[in-house]
Amino acid sequence: MISSAINPFLRRVGATTANRSRVAAPAMGKIRHLNVHEYISMEIMNQHGIATPRCFVANTPEEADHIFSTMMNKPGQPLKDVVIKAQVLSGGRGLGSFKNGFKGGVHMVTRKGQAGELATQMLGQELVTKQAPSGILCQKVLLMERMYMRNEMYLSILMDRASGGPLLVGSPRGGTSIEDVAKTNPELIFTEPIDVNVGLTPEAVDRMASNMGLEEGSESYVKAVTLINNLYDMFLGCDCTQVEVNPLAETPDGDVVVCDAKVNFDDNAEFRQKSIFERRDFSQEDPREVEASKYDLNYIGLDGNIGCMVNGAGLAMSTMDIIQLKGGSPANFLDVGGGADENQVQKAFELLNSDDNVQAILVNIFGGIMRCDVIANGIINAISNIGIKKPLVIRLQGTNVEEAKKLIEGCGFRMIVADNLEDAAEKAVGVAKIVEQAQKIQVGLKFEGLGI
């Protein structure tokens, strides 16, 4: 029987497999959930007694050839096949394409010299996948022992709102998209909610091993039970928010091995997981989000043309929704929070102003903890220091709003002021469309006298 907790699990999987920086709903926190490369995940699993294939990471084609010839194979012995994988933080690598025209981020190496040839096509190139349609830079490749599998299973542990704690999820149908399995064969997905005060019980582990298709009492079954327990220990010990293994392989020899894994870590635990967070790969992230995180700004880049600066996650989501409702498209999620100072506000404007896709900026502030006059001063400083050229629509309500309006009126800069959110959204969408049309016919625009 499928637990009701599977529904939020499937929504989580959908958000994970979507392009995070383009369409996924934003999560809070300056890093949200740290994601690390596959080879790092494998290292951490080995440290917790979890079996993985032998693998080595290469930074150059020469290193790839050396690993294949001398570390994965021994002179004088028949060559063993090796899998070479592009190390990028995106799923769907095997079906992706590099911008140089090379197809696939996962290949089989069967002869000497081939590892270097494949690495040459991957390293320094951007891999385009369904999750990363704009491309993501490959700077490392992983050479992994080829595994011969009797069965491919799915196993994950994740934080689940519905059950109020960790959720163990498994399926005998691994090696394929778990979303597809959920759609076509939901009866093949099994869940075990975990009470953190009790821990992962032996009964739950035994049920999951059986539900994944392993014969009770067999060597594979015993090894799977040990692996599940070790995986949960890792989940707790490393402050993970998600550990996803697909596929979990049963070999003809009865071993149970993690062949591919995705691991996320709670950014709130950075202070006690420093060795893991030090391995964060900034090159795999949107540089705007990296810059925003330095100033404790909650920023997520989207693919629209209306830049948004809002205080509060709920108000930010509502602002993005009403922009869509009025026929526009938000260019970002940007929550300055309740305690932002003028420098943070200025930095937020710098991020919006530097985005070439942004054709209009909408500021929507409801002053509670965040005072409207602080926002106004930050806006004025930003305009003075960086010279914002984009049309600016402002809606301010709440604490010190009258002071804020006086500052705006006396600053000498023209801004489009709105009394409510609906009015602000209509004006932002309207001026963005004007800018868009002007750019299409290559006509320059200068917005003057639009203070309302």
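Scroll up to find the structure.
This brings us to the overall build of the chain. Within the chain, the secondary structure is distributed over 14 helices and 20 strands. Per-residue burial over the chain gives 51% buried out of 452 residues. Once local pairs closer than 6 in sequence are excluded, the contacts in the chain between residues at least 24 apart make up 70%. With the model as given, the accessible surface of the chain reaches about 20,600 Å², and the carbon-plus-sulfur share is 49%.

For the rest of this paragraph, the subject is the sheet that holds strand S8 (residues 141–145). Taken in spatial order, the 4 strands make up an open sheet running S2-S8-S3-S5, and their pairing is antiparallel. If you trace the sheet from one side to the other, it starts and ends with strand S2 (55–58) and strand S5 (106–109), each paired once. Each neighbouring strand pair of the sheet contributes to a mean axis angle of 25°, computed without reference to strand direction. Sheet contacts for helix H2 (residues 38–47): S2, strand S3 (82–86) and S8; angle to S8, the most-contacted strand, approximately 45°. Seen against the sheet, helix H3 (residues 61–71) touches S2, S3, S5 and S8 and runs at an angle of roughly 155° to S2.

This next bit is on the pattern of salt bridges. A complete count under the given rule lists 22 salt bridges for this structure. Residue Asp 81 is joined to Arg 146 by a salt bridge in which the shortest nitrogen-to-oxygen separation is 2.7 Å. Note that Asp 81 is positioned in the loop between H3 and S3 and Arg 146 in the loop between S8 and strand S9 (151–160), a separation of 65 residues in sequence. Residue Arg 371 is joined to Asp 373 by a salt bridge in which the shortest nitrogen-to-oxygen separation is 2.7 Å. Residue Arg 371 is classed as partly exposed on the basis of its relative accessible area of 38%.

A few words on the pairing of strand S18 (residues 360–367). In terms of burial, S18 is a largely internal element, 7 of the 8 residues being buried. Examined bridge by bridge, strand S16 (residues 306–310) and S18 share 5 bridges and lie parallel to one another. Residue pairing in the sheet places Cys 308 in a bridge with Leu 362 of S18. Bridge analysis of S18 against strand S19 (residues 392–398) gives 7 bridges, and the strand direction is parallel. Each bridged residue has a counterpart across the sheet, and for Ile 361 the counterpart in S19 is Leu 392. With helix H12 (residues 372–386) bridging S18 and its parallel neighbour S19, the resulting β-α-β unit is right-handed.

Now for the sheet that holds strand S6 (residues 126–128). One open sheet holds the 3 strands; their spatial order is S4-S6-S7, and the pairing between them is antiparallel. Of all the strands in the sheet, just strand S4 (97–98) and strand S7 (136–137) have a single pairing partner and so form its edges. As paired elements, S4 and S6 share 2 bridges and run antiparallel to each other. Bridged to Phe 98 within S6 is Leu 127.

Within this structure, the stated rule accounts for 0 disulfides. Left unpaired, Cys 240 is separated from the closest cysteine sulfur, that of Cys 238, by 5.1 Å. Take Cys 240: its relative accessible area is 5%, and that puts it in the buried class. The closest cysteine sulfur to the non-disulfide-bonded Cys 372 is located on Cys 411, 15 Å from its own sulfur. For Cys 372, a relative accessible area of 0% translates into the label buried.

The next thing to look at is the nonpolar core. Ranked by size, the top nonpolar core spans 44 residues in total, and within it Met 45, Leu 155, Leu 248, Val 258 and Phe 265 carry the most contacts. The element contributing the most residues to this core is helix H7 (residues 219–237), with 9 residues. Core analysis: the next-biggest nonpolar cluster, separate from the first, contains 35 residues, Val 363, Cys 372, Ile 379 and Ile 388 among them.

With that settled, consider the side chain of Ser 90. By secondary structure assignment, the location of Ser 90 is in the loop between S3 and S4. Ser 90 sits in the buried class, given a relative accessible area of 10%. Within the local environment of Ser 90, its side chain forms a polar contact with the side chain of Thr 129, the two groups lying 2.6 Å apart. With near-sequence residues (within four places) excluded, Ser 90 lies in contact with Thr 129, Gln 131, Ala 132 and Ile 136.

This next bit is on the packing of H12 against helix H13 (residues 401–410). Where H12 meets H13, the axes come as close as 7 Å, and the angle between the chain directions of the two elements is 20°. With respect to H13, the axis of H12 lies roughly parallel. The chirality of how H12 crosses H13 is right-handed. From H12, Cys 372, Asp 373, Ala 376, Asn 377 and Ile 380 reach across to H13, where they touch Val 401, Glu 403, Ala 404, Leu 407 and Ile 408.

For helix H4 (residues 114–122), the full list of buried residues reads Gln 114, Ala 115, Gly 116, Leu 118, Ala 119 and Met 122. Directly after H4, the chain includes Gly 124, whose backbone phi takes a positive value near 80°.

Before going further, it helps to spend a moment on helix H14 (residues 421–440). Its 20 residues place the ends of H14 28 Å apart at the C-alpha level, agreeing with the 28 Å of an ideal helix rising 1.5 Å per residue. For H14, the complete set of buried residues consists of Leu 421, Ala 424, Ala 425, Lys 427, Ala 428, Val 429, Val 431, Ala 432, Val 435 and Ala 438. On its buried face, H14 is in contact with S16, helix H10 (313–325), S18, S19 and strand S20 (416–418). The opening residue of H14 is Asn 420, an N-cap whose side-chain oxygen sits 3.2 Å from the backbone nitrogen of Glu 422. With its phi angle positive at about 60°, Gln 442 sits one or two positions after the end of H14.

What counts, and where the lines are drawn
Residues numbered from 1 in each chain as written. Predicted model: local features only at pLDDT ≥ 70, side-chain atom pairs only at ≥ 80, totals over all residues. Heavy atoms only, no water. Helix = DSSP H or I, 4+ residues; strand = E, 2+ residues; numbered from the N terminus. Buried < 20%, exposed > 50% of the residue type's maximum accessible area, 1.4 Å probe, protein only. Contact = heavy atoms within 4.5 Å. Areas by Shrake-Rupley, 256 points an atom, 1.4 Å probe, with all protein chains shown as cover. Pairing = 2+ DSSP bridges. Axes fitted to C-alpha atoms, helices over the stretch in contact; angles between N-to-C directions. Salt bridge = Lys/Arg side-chain N within 4 Å of Asp/Glu carboxyl O. Right-handed = clockwise from strand over helix to strand, strands pointing away. Disulfide = S-S within 2.5 Å. Core = buried A, V, L, I, M, F, W, Y, C linked by side-chain atoms within 4.5 Å. Polar contact = N/O pair within 3.5 Å; in protein donor to acceptor, adjacent residues only side chain to side chain. Parallel < 35°, antiparallel > 145°, perpendicular 65-115°, else oblique. Left-handed = near helix turned anticlockwise from the far one by under 90°. Expected span 1.5 Å × (residues − 1).

Keep in mind that these numbers describe shape and distance, not what the molecule does.
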